[in-house]
Amino acid sequence: GHSPAPHCFPAPSPPQAWQHHLEWALWFFKNDRSRAWQSNLHRVTKFNTVEDFWAIYNNIQLASKLSSGCDYALFKDGIKPMWEDSRNKRGGRWLVSLTKQQRHIELDHLWLETLLCLIGESFGEHSQEVCGAVINIRAKGDKIAVWTREAENQEGVLHIGRVYKERLGLSTKTIIGYQAHADTATKSNSLAKNKFVV
Ligand code: MGP
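For the structure given in this document, a descriptive report is provided here. As the structure is a computational prediction, the values presented were derived from the model and not from experiment. (Residues numbered from 1 in each chain as written. Predicted model: local features only at pLDDT ≥ 70, side-chain atom pairs only at ≥ 80, totals over all residues. Heavy atoms only, no water.)

**Some remarks on unusual backbone geometry**
Here is step 1: With a phi angle near 50°, Glu121 is a residue other than glycine that sits in the positive phi range.
Here is step 2: Turning to its location among the elements, Glu121 is positioned in the loop between α3 (107-119) and β5 (130-136). (Helix = DSSP H or I, 4+ residues; strand = E, 2+ residues; numbered from the N terminus.)

**Here we look at the sheet that holds strand β6 (residues 143-148)**
Here is step 1: The sheet built from eight strands is open, its strands ordered β2-β1-β3-β5-β6-β4-β7-β8 with antiparallel pairing. At either end of the open sheet lies a strand with only one pairing partner, and these are β2 (41-47) and β8 (196-197).
Here is step 2: Relative to strand β3 (residues 71-76), strand β1 (residues 24-29) is paired through six bridges, and the arrangement is antiparallel. Paired with Phe28 across the strands is Tyr72, a residue of β3.
Here is step 3: Helix-sheet contacts for α3 involve β1, β2, β3, β5 and β6, and the interaxial angle to β5 is about 170°.
Here is step 4: Across the sheet, helix α4 (residues 154-168) touches β4 (92-97), β5, β6, β7 (177-180) and β8, and the angle it forms with β4 is around 25°. (Pairing = 2+ DSSP bridges. Contact = heavy atoms within 4.5 Å. Axes fitted to C-alpha atoms, helices over the stretch in contact; angles between N-to-C directions.)

**Observations concerning the site of the ligand**
Here is step 1: What surrounds the ligand is the set Trp37, Met82, Trp83, Glu84, Arg138, Lys140, Lys143, Lys187 and Ser190.
Here is step 2: For the ligand, a nitrogen atom lies 3.3 Å from a polar atom in the side chain of Trp37.
Here is step 3: A distance of 2.5 Å separates an oxygen atom of the ligand from a polar side-chain atom of Lys140.
Here is step 4: Relative to its unbound accessible area of 620 Å², the ligand is 69% covered by the protein chains.
Here is step 5: Tallied by class, the residues present in the shell around the ligand amount to three nonpolar, one polar and five charged. (Near = heavy atom within 4 Å. Polar contact = N/O pair within 3.5 Å; in protein donor to acceptor, adjacent residues only side chain to side chain. Areas by Shrake-Rupley, 256 points an atom, 1.4 Å probe, with all protein chains shown as cover. Nonpolar A, V, L, I, M, F, W, Y, C, P; charged D, E, K, R; others polar.)

**Focus on α3**
Here is step 1: Taking 1.5 Å per residue, 13 residues should reach 18 Å; α3 reaches 19 Å between its end C-alpha atoms and fits that length.
Here is step 2: The buried count for α3 comes to 11 of 13 residues, which makes it a mostly enclosed element.
Here is step 3: Where α3 terminates, the next one or two residues include Glu121, which has phi positive at roughly 50°. (Expected span 1.5 Å × (residues − 1). Buried < 20%, exposed > 50% of the residue type's maximum accessible area, 1.4 Å probe, protein only.)

**A closer look at the environment of Leu62**
Here is step 1: Along the polypeptide, Leu62 turns up in the loop between α1 (50-57) and β3.
Here is step 2: Spatially, the C-alpha atom of Leu62 lies 9.4 Å from that of Trp111, the residues being 49 residues apart in sequence.
Here is step 3: Setting aside its immediate chain neighbours within four residues, Leu62 contacts Tyr57 and Asp108.

**Considerations on the nonpolar core**
Here is step 1: Formed by 43 residues in total, the largest nonpolar core has its most connected members in Trp94 and Tyr164.
Here is step 2: If you look at the next biggest cluster of nonpolar residues, it comprises 13 residues, including Trp27, Ile79, Met82 and Leu95. (Core = buried A, V, L, I, M, F, W, Y, C linked by side-chain atoms within 4.5 Å.)

**Some remarks on the packing of aromatic side chains**
Here is step 1: Per the stated rule, a full pass over the model turns up nine aromatic pairs.
Here is step 2: One aromatic cluster is present, formed by Phe47, Phe53, Trp54 and Tyr57 through successive ring pairs. (Phe/Tyr/Trp six-rings, centres within 6.5 Å; stacked < 30°, edge-to-face > 60°.)

This is the structure in structure tokens:
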């Protein structure tokens, strides 16, 4: 460790080695089975300040009030919330699967905490690995996920997973898994295999 600086002034905070990401985009997906998946996905708005984030958050429906089949996604501006985007295609997601009961007691809180993890860059230098987050409102059980750009980046993925699980306040007994999008996109049933768990 460092010895204390020999003067009375507070030491300057260390320069932050990672780049701050300033622009975020909010997306909305509304399920219309007569249309292709991609054409149901719409970018609603962009923002780059915390004040604008709250103005938007306070003016849209809570996730728990959306109808089944809808999603919200918050992604760094320029990254589309789809596997095919070049920034997503080698990546994957930390997936939190919720029970039906959790929609009424925890869903909105968990999603807000997820959004704050992203815009507050809670993962330190590994925040640059984050692409975005998605919430799926589904009758069979809602899902929240944080998408990262490189599934082979074990150190970054695990750091993000540990911090995220802690921030959500999930008990140590709750296990969450990370799946590569390549596996999710080609899975034959609803469960892609976990590449990592925390
Ligand atoms: P979903 O909306 O992520 O989960 O994917 P859901 O509805 O809970 O279904 P499950 O299969 O996980 O149980 C539903 C379907 O939407 C997928 O099977 C794809 O057909 C389509 N889809 C979802 N995503 C995230 C993408 C994507 O990024 N790209 C494309 N092309 N299709 C997607």
